[in-house]
Amino acid sequence: MSDIWSQAHPARRPAERPVLGRRPLTLAVGLVLIAAALTVFARFTGIGVYKLPDSPIVQSMELIMHGRPDGAVEVRNAATGNLVQTYSLKEGGGFFLTILKGMEFERNLQKIALDINYTLARHQDGRLILHDPATGRRQTVDTFGTVNTAVFANLLSKGEKQ
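Counting restarts for each chain, with residues numbered from 1 along the sequence as it is written. In keeping with the predicted nature of the model, local features appear solely for residues at pLDDT of at least 70, side-chain atom pairs appear and are counted solely at 80 or more, and the whole-chain, interface and lining totals rest on all residues. For the side-chain quantities, the full set of heavy atoms in the structure was used; hydrogens and water were omitted.

This brings us to the overall build of the chain. Secondary structure elements are defined from DSSP: runs of H or I of at least 4 residues count as helices, runs of E of at least 2 residues count as strands, and each element is numbered from the N terminus. Scanning the chain from N- to C-terminus turns up 4 helices and 6 strands. Scanning the chain from its N terminus toward the C terminus, one meets helices and strands in the order α-α-β-β-β-α-β-β-β-α. Residues classed as buried in the chain amount to 27% of the 162 residues present. Two residues form a contact once any of their heavy atoms are found within 4.5 Å. Long-range contacts, defined here as pairs at least 24 residues apart, represent 47% of the contacts in the chain between residues at least 6 apart. Burial here depends on accessible area, computed with a 1.4 Å probe over protein chains only, as a share of the maximum for the residue type. Under 20% is buried, over 50% is exposed, and the range in between is partly exposed.

Pasting the structure below:
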């Protein structure tokens, strides 16, 4: 009978203890805030960043990229003006377009024209790097797997044949 009465009158139930006390919760929030502050500090000061030294460039090509109305991107050799490759999502150019959109986003943030050439370079140690001289951003493309690296390696080989 008393169980029925306490269910009908919740104000009369004995006080329940919280599952987690106030002190552990405060410590957890403090730990998260300290980790966030250290991350921001390291990001802006460069502490803890490991950069590979640049090895000499053994092959490079200046690229001009033009968007088409159908969403595809034409890649041209800046020295000759010849079409090297066309990339669209339908033709499997998703990785290339993703890298390019990231570079364009950086240019838009800094209010830089999109028609400035990019440089694709193969270094002596084998790294492939797409460099944006307008923003200074460098994207190492060979860290995304062999299939994605082949997309940019083909650009260099096709551009060299022209």
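What follows deals with the packing of aromatic side chains. For any pair of aromatic rings, the description consists of the separation of the ring centres together with the inter-plane angle of the planes. Pairing of aromatic rings covers Phe, Tyr and Trp, the last through its six-membered ring, and needs centres within 6.5 Å; plane angles under 30 degrees mean stacked, over 60 mean edge-to-face, and all others mean tilted. All chains considered together, the criterion is met by 4 aromatic pairs. Ring geometry for F95 and F152: centres 5.8 Å apart, planes at 90°, overall edge-to-face. Within this pair, whereas F95 is found in helix 3 (residues 94-109), its partner F152 is found in helix 4 (residues 146-161), the two being separated by 57 residues in sequence. With a relative accessible area of 15%, F95 lands in the buried category. Arranged with centres 5.3 Å apart and planes meeting at 40°, the rings of F96 and F152 form a pair that is tilted.

Before going further, it helps to spend a moment on helix 3. A helix is expected to reach a length of 1.5 Å times the quantity of its residues less one. Between its terminal C-alpha atoms helix 3 stretches 22 Å, which fits the 22 Å expected from 16 residues at 1.5 Å a residue. Taken residue by residue, helix 3 has F95, F96, L97, I99, L100, M103, E104 and R107 as its buried positions.

Counting 22 residues, the largest nonpolar core has L63, M65, F96, L130, F152 and L155 as the members making the most contacts within it. Those elements that provide at least two residues to this core are strand 1 (57-67), strand 2 (73-77), strand 3 (83-87), helix 3, strand 4 (118-123), strand 5 (128-131) and helix 4. Take this core: its biggest share by element is 6 residues, from helix 3. When sequence neighbours within four positions are dropped, the list of residues in contact with F152 reads F95, F96, I99, L120, L128, L130 and V141. We define a nonpolar core as any set of buried Ala, Val, Leu, Ile, Met, Phe, Trp, Tyr and Cys residues linked to one another through side-chain atoms lying within 4.5 Å.

In this section: the side chain of T149. Of note, T149 is situated in helix 4. T149 sits in the buried class, given a relative accessible area of 15%. In the analysis that follows, any N or O atom pair within 3.5 Å is treated as a polar contact, provided that within protein one partner can donate a hydrogen and the other can accept it, and provided that, for residues neighboring in sequence, both atoms belong to side chains. Here the side chain of T149 touches G145 through a polar contact of 2.7 Å, landing on its backbone oxygen. Every residue in contact with T149, bar those within four places of it in the chain, is listed here: L128, V141 and D142.

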